[in-house]
Amino acid sequence: MLWAQENSLPLVEFTLAPLWEEHGIPLALMGIFVVFVALALVLLFIRLLPRLLAWVTGPTSAPSLPSPPAPANEALPEEILVVIAAAVAVTLGAPHRIVSIRGLTPGEFGWSLEGRMQHHQSHRFRNRNH
Amino acid sequence: MSLIDDLMTKVSQLYEATALAGMESGNLIMIAIGIGFIYLAIARHYEPLLLVPIGFGVIVGNIPSAAGMSLSVYDDGTVLRYLYFGVEKGIYPPLIFLGIGAMTDFSTMLSNPKLILLGAAAQVGVFLTYLGALTLAFTPQEAGAIGIIGGADGPTAIFLSSRLAPELLGAIAIAAYSYMALVPVIQPPIMRLLTTRDERRIRMQPSRQVSRQERIVFPVAAFLICATLAPGAIVLIGMLFFGNLMKECTVTDRLALTARSAMIDVVTILLGFCVGASTNAQHFLQAKSILIFGLGAISFAVATACGVLFAKLMNLFLTEKINPLVGAAGVSAVPDSARVVHVVGQQEDPQNFLLMHAMAPNVAGVIGSAIAAGVLWSQLTN
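First, a word on scope: everything that follows refers to the structure included in this document.

Here is what the cut-offs are and how they apply
Residues numbered from 1 in each chain as written. Chains lettered and ligands numbered in written order. Predicted model: local features only at pLDDT ≥ 70, side-chain atom pairs only at ≥ 80, totals over all residues. Heavy atoms only, no water. Helix = DSSP H or I, 4+ residues; strand = E, 2+ residues; numbered from the N terminus. Buried < 20%, exposed > 50% of the residue type's maximum accessible area, 1.4 Å probe, protein only. Contact = heavy atoms within 4.5 Å. Areas by Shrake-Rupley, 256 points an atom, 1.4 Å probe, with all protein chains shown as cover. Buried area = accessible area lost by both parts, 1.4 Å probe. Salt bridge = Lys/Arg side-chain N within 4 Å of Asp/Glu carboxyl O. Polar contact = N/O pair within 3.5 Å; in protein donor to acceptor, adjacent residues only side chain to side chain. Patch = residues over 30% accessible without salt bridge, like charges linked within 9 Å, V, L, I, M, F, W, Y side chains within 5 Å. Phe/Tyr/Trp six-rings, centres within 6.5 Å; stacked < 30°, edge-to-face > 60°. Lys NZ or Arg CZ within 6 Å of the ring centre and 35° of its normal. Core = buried A, V, L, I, M, F, W, Y, C linked by side-chain atoms within 4.5 Å. Expected span 1.5 Å × (residues − 1). Axes fitted to C-alpha atoms, helices over the stretch in contact; angles between N-to-C directions. Left-handed = near helix turned anticlockwise from the far one by under 90°. Nonpolar A, V, L, I, M, F, W, Y, C, P; charged D, E, K, R; others polar.

1. Focus: the overall build of chain B
For chain B, the helix and strand inventory stands at 20 helices and zero strands. Classification of the 382 residues of chain B by burial places 58% in the buried group. Sequence-distant contacts, at least 24 apart, represent 77% of the contacts inside chain B between residues at least 6 apart. A total of about 15200 Å² of accessible surface is found on chain B, and carbon and sulfur atoms cover 67% of it.

See the structure below:
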C-alpha cells in the first residue's frame, strides 16, 4: 500500500461500500441507460428523417436518394473544367471524351491514395546495374 | 559598518522580492512539466493548440509571488483570477462547444446512423470509472468529475469538474488534455488486442449522400431529444447544436465562421492558459492528483475497449459488418480518435478507408459524453 509522506494517511483507500448506495451502481446504470436511450432515439429519428422530409416536401424530392451528379457546366467554373480536361489529356494521352465530372463520395478517396503512391514511387531508388 | 549593514539588508530585501525566495521543489517540478508540454507540442506535434497554452500557463502558475504581490488565479482581484472566472464558472467550455458545433459535419453520422451506438458504448467507460473512483474513497461529486475524463473531451471534463469538484479542476483538466494528446499512443494497443486481423480488414460500404434539409433539421431535432432526456446537458449540447445549425443553414455563414475560427481560438487560448496557471504546485501536487491521472488512464482505456467490444457485439446481429476498430472512435477526441482508427486500419489493409466511417461514432461520442456529463451533473449536484 502506498502512503502519503506528509501525514501518513493511506494514499489508496479501498472500499466497496459506496457502490451499493444510491450514488453508486444505480446511478451508473441509470447514466448508461440515459446515454443509450438518447442516442438510440437520435438514431431512430435519423432513420425516419428522409421519410419525414419526403412526406413534408413531397415524394419527388425524397432526400434519402443520392442526388444525381450535377452537369459539369452548372457545378464548376470554366477554369476548373479546363484544368481537369488538361489533366485528363496528359494522363490518358489517347483521344478521349469527358462524359461527366462530379465530386468524390467518401468511398472514392482511393484516388488521393493512388496519387500519393505514385508520388512516393517516383522517389524509389533504382538499381544502377540495370 | 552601517553602510554595509544597509547594503546587506537591501540585498536581503531584493532576494525576498524575487521569485527565488518562495520557490519550492514542487514549483520546479511543475515548471519542468510545463516545459515538457511545450516540448511535446512543438517537437512531437501532440495537440499543440492545447499543450502550448497549458504548458506556458503551468510555468506562469508556478512562479511564486513576492510578498504582498498577489498574482495567481487563486488570489482575489488579480488579472489571472478574472480570466480564471471563465473556467471556474464553466463559461469557456460551452463557448468551445459552440465553435466545435460550427466546424462539425454530422453528415457521416446521418448517412450511417447505426454507428451512433458506438458513441454511446464508449461512455460506459465514464460510468465504470465513476464506480472505480467511488471505491477509492472519492466523494460521488469527485468521482463523477474524474469519470468524465473517459469521455476524452477536455471542455466537458472542465465543465463538469467546475460544477462538481472545483478543487480537482486543475488535475482533471491536465489529465483529460494529456490523454487526448496521447490518443495515438493509448488506443492502438487496445484496438489490436481486442480485434483479430480479419476484423481489422473489414471494409465498410461507402456512405450515402445526405441532403441539406437533413443536415438543417438534425441539430434542432437532436437537441430536443437529448435535452428532453438529459436537461443537465442543455448547456453543452445546446451550444454544440446551435453552432452546427449556424453552419448548416448557410444563411449565418459569418456567425458560423466567427464561431469556428476567431471565437474558439480566443476561448481556447484563455481556457488552456488559465487551466495551466491553476496547477500551482501547492494545489496540484497532491496524492489525489496521482490517483486522478491513474483513473483517467483507466477511464480512457475502458472507454476505447467498450467501443470496440460493442462494435463486435453489433456484428453478431448485422448482415453488413462494421469494422470493430471504428468503435474506438466512440470516445469524443475529435478527430484524433477517428484518425487513429484510419491509420490502424490501413496498417492491415492500405486500401481500406475508415476515416469517414470513424467520424460517425466520433461525433456521436461528443454528444454522448455531453449527455453523460449532464446526467452526472443533475444527479450529483447538491
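Moving on, there is more to tell.
2. Here we look at the interface of chain B and chain A
Interfaces are frequently sized by the accessible area removed from exposure as the parts join. Listed by partner, the interface residues are 49 residues for chain B and 43 residues for chain A. For the pair chain B and chain A, the summed buried area comes to about 4100 Å², and 82% of that belongs to carbon and sulfur atoms. Counting across the interface, chain B meets chain A through zero salt bridges. At the boundary of chain B and chain A, one finds two residue pairs in polar contact (both at pLDDT 80 or more). Taken together, the elements giving at least two residues each to the side of chain B that touches chain A come down to α6 (107–111), α7 (116–121), α8 (124–135), α14 (212–229), α18 (287–315) and α20 (355–380) of chain B. Top contributing element to the side of chain B that touches chain A by residue count: α20 of chain B, with ten residues.

3. As for helix α9 (residues 140–147) of chain B
Residues and elements named next belong to chain B. In terms of burial, α9 is a largely internal element, seven of the eight residues being buried. Every buried residue of α9 is accounted for by Q141, E142, A143, G144, A145, I146 and G147. Where α9 is buried, its residues meet α8, α10 (154–164), α11 (169–181), α18 and α20.

4. Re a nonpolar patch on the surface
Taken together, L41, L44, L48 and L52 of chain A together with L229 of chain B make up a surface patch of nonpolar side chains, about 390 Å² in accessible area. Among the elements that take part in the nonpolar patch, helix α1 (residues 25–57) of chain A stands out by supplying four residues, more than any other. Summarising the element assignment, L41 of chain A is placed in helix α1. Judged by relative accessible area, L41 of chain A falls into the partly exposed class, the value being 35%.

5. A few points about the packing of aromatic side chains
All names here are of chain B. The final tally for this structure, using the stated rule, is nine aromatic pairs over all chains. Look at F159 and W377: their rings are 5.3 Å apart centre to centre, the planes differ by 90°, and that puts the pair in the edge-to-face class. With a gap of 218 residues between them, F159 in helix α10 and W377 in helix α20 connect regions that are remote in the sequence. In this structure F159 comes out as buried when scored by relative accessible area, which is 4%. Members of the aromatic cluster, connected to one another through ring pairs, are Y179, F284, F293 and F300. A cation over a ring is seen here: R163 above F159, with NZ or CZ 5.9 Å from the ring centre.

6. Regarding the nonpolar core
Residues and elements named next belong to chain B. Core analysis: the biggest nonpolar cluster contains 134 residues, and M109, I367 and I371 have the highest contact counts within it. In terms of residue count, α20 provides more of this core than any other element does, 14 residues in total. Judged by nonpolar contacts, the second largest core, of five residues, contains A102, M246, A256 and A259.

7. A few points about unusual backbone geometry
Residues and elements named next belong to chain B. If you check the backbone angles, A137 has positive phi at about 70° while not being a glycine. Structurally, A137 can be placed in the loop between α8 and α9. Positive phi, normally seen in glycine, also occurs at T250, with a value near 65°. The residue T250 is located in the loop between α15 (234–249) and α16 (253–277) in this model. Residue classification places T250 among the partly exposed positions, given a relative accessible area of 38%.

8. Thoughts on helix α12 (residues 183–194) of chain B
Residue and element names in this part refer to chain B. The terminal C-alpha atoms of α12, which comprises twelve residues, lie 17 Å apart, in line with the 16 Å expected from a rise of 1.5 Å per residue. Of the residues making up α12, those classed as buried are V183, I186, Q187, P188, I190 and M191. Those residues of α12 hidden inside the fold are in contact with α11, α18 and α19 (336–348).

9. Considering the packing of α1 of chain A against α14 of chain B
With their axes 9 Å apart at the nearest point, α1 of chain A and α14 of chain B run at an angle of 145° to one another. Once α1 of chain A is placed against α14 of chain B, the crossing between them reads as right-handed. For the pair formed by α1 of chain A and α14 of chain B, the contact residues are V34, V37, A38, L41, V42, F45, I46, L49, P50, L53 and T57 of chain A on the first element and Q213, E214, V217, F218, A221, A222, I225, C226 and L229 of chain B on the second. Class assignment for the residues of the contact of α1 of chain A with α14 of chain B results in 17 nonpolar, two polar and one charged.

10. Some points on the pattern of salt bridges
Oppositely charged side chains are able to pair whenever their charged atoms sit close together. Residue and element names in this part refer to chain B. Inspection of the entire model under this criterion finds eleven salt bridges over all chains. Across the pair R208 and E214 runs a salt bridge whose closest N-O atoms are separated by 2.9 Å. Here R208 falls in the partly exposed class, since its relative accessible area comes to 25%. Assessed through its relative accessible area of 0%, E214 is described here as buried. Taking the shortest distance from any N to any O, the salt bridge between E248 and R215 comes out at 2.9 Å. Of this pair, E248 sits in helix α15 while R215 sits in helix α14; the two residues are 33 residues apart in sequence, bridging distant segments of the chain. A relative accessible area of 3% places E248 in the buried class. Residue R215 is classed as partly exposed on the basis of its relative accessible area, which comes to 23%. Bridged by salt links that share partners, the residues D76, R81 and E88 form one connected network.

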